[in-house]
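Listed below are the residues making up each chain.
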Amino acid sequence: MLHLARRSSPAWGAWAADHADELLVDHAHCEKKAASTALGLLFRYPEAAPLQRPLSALVREEISHFERVLDLLDARNVPFGPKKPGSYAHDLRAACRAHEPARLVDTLLCCGLIEARSCERMRLAIAAFEARGLDDVAALYRDLLADEARHHRLFVDLAEAVAPPDLDVRARLAELAEVEARALAAAAGTVHLHGGP
């Protein structure tokens, strides 16, 4: 189950098909950033034993996804290069509390919400890609769909594993899901996996 406060517009899939190549470049950056974030958490919280092996495995998987998107860009003759990041993740992470252990819990939950939104958006886009004859992009997204949902679940589980008993993780997840929905709305109109209509 994806813990999103609001669904994306059904029009997002068709819009994604109109911007497939640019979205793939953005998607590659998202996968690279996801790996970097997971690696950063390993360095920042070496004492958090429940994080170590799951996040180490996640780093490898996110880098593998990054390479798969690069392969598809190469096959489509689309150059990979810099792309200005959108406001979405920054706006969401701005809601993280500054004190520990709440900061770690919030960071994990924000990562989980980003994965959930990616999963939802990929699901919306698959049929639109197929309808436009973009079978290669649809196939990639179909392959990654279950991983994105699993990553969402992993981050929620990790947040529950490291949270102190007095911290209601599910209530905080619901609060951050509202923040995520507002961050997504603020990113509307930008050509990003977490932008668009």
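What counts as what
- Residues numbered from 1 in each chain as written.
- Predicted model: local features only at pLDDT ≥ 70, side-chain atom pairs only at ≥ 80, totals over all residues.
- Heavy atoms only, no water.
- Salt bridge = Lys/Arg side-chain N within 4 Å of Asp/Glu carboxyl O.
- Helix = DSSP H or I, 4+ residues; strand = E, 2+ residues; numbered from the N terminus.
- Disulfide = S-S within 2.5 Å.
- Buried < 20%, exposed > 50% of the residue type's maximum accessible area, 1.4 Å probe, protein only.
- Polar contact = N/O pair within 3.5 Å; in protein donor to acceptor, adjacent residues only side chain to side chain.
- Contact = heavy atoms within 4.5 Å.
- Phe/Tyr/Trp six-rings, centres within 6.5 Å; stacked < 30°, edge-to-face > 60°.

Visitor: Could you clarify how one ought to interpret the pattern of salt bridges in this entry?
Guide: Pairs may arise between side chains of opposite charge once their charged atoms sit close together. The tally for this structure, following the rule as stated, stands at 16 salt bridges. Salt-bridge contacts for D18 lead to R132; the nearest nitrogen and oxygen are separated by 2.5 Å. Here R132 lies in the loop between α5 (102–131) and α6 (135–162) and D18 lies in helix α1 (residues 12–18), a separation of 114 residues in the sequence. Among the charged side chains, a network of salt bridges with common partners joins R97, D106, R172 and E175.

Visitor: Got a minute to help me understand the state of the cysteines in this structure?
Guide: Counted by the stated rule, this structure contains zero disulfides. Cysteine C111 is unpaired, with the sulfur of C110 as its nearest cysteine sulfur at 7.2 Å. A residue is classified by how much of its surface remains accessible, and C111, at 5% relative accessible area, is buried. Among the cysteines around C119, which has no disulfide bond, C30 carries the closest sulfur, lying 14 Å off.

Visitor: Before we go on, may I ask you to explain the side chain of D106 in this structure?
Guide: Within the secondary structure, D106 is located in helix α5. A distance of 2.9 Å separates polar atoms of two side chains, one belonging to D106 and the other to R97. Excluding its chain neighbours within four sequence positions, the residues that come into contact with D106 are A95, C96, R97, R172 and L176.

Visitor: How do you make sense of the packing of aromatic side chains when you look at a structure like this?
Guide: Aromatic rings in a pair are described by how distant their centres are and how their planes are angled relative to each other. If you walk through the whole model with that rule in mind, you get three aromatic pairs. Between W12 and W15, the ring centres sit 5.8 Å apart and the planes meet at 45°, which makes this aromatic pair tilted. Residue W12 and its partner W15 are located together in helix α1, separated by three residues, close to a single helical turn. Ring geometry for F129 against Y141: centres 5.4 Å apart, planes inclined by 70°, an arrangement best described as edge-to-face. Taken as a pair, F129 in helix α5 and Y141 in helix α6 lie far apart in primary sequence, 12 residues in all. Y141 carries the same exposure label as F129, and that label is buried.

Visitor: It is not clear to me how the environment of L184 should be interpreted in this structure. Could you clarify?
Guide: With respect to the secondary-structure elements, L184 resides in helix α7 (residues 169–186). For L184 and P197, which are 13 residues apart along the polypeptide, the C-alpha to C-alpha distance reads 9.6 Å. Here L184 is in contact with S8, Y88, R117, R121 and H194, once residues within four sequence places are set aside.

Visitor: I'm lost on the environment of S56 in this one. Help?
Guide: Checked against the element boundaries, S56 lands in helix α3 (residues 49–75). What makes S56 partly exposed here is its relative accessible area of 29%. Taking the C-alpha atoms as reference points, S56 and S87, separated by 31 residues in sequence, lie 27 Å from one another.

Visitor: Please explain unusual backbone geometry as it appears in this structure.
Guide: In most cases, non-glycine residues show a negative phi, while peptide bonds are predominantly trans. The peptide bond linking E100 to P101 adopts the cis configuration, its omega dihedral lying at 5°. Turning to its location among the elements, P101 is positioned in the loop between α4 (88–93) and α5. Positive phi outside glycine occurs at N77, with the angle close to 60°. Mapped onto the elements, N77 comes out in the loop between α3 and α4. Of the residues examined, N77 reaches a relative accessible area of 70% and is grouped as exposed.

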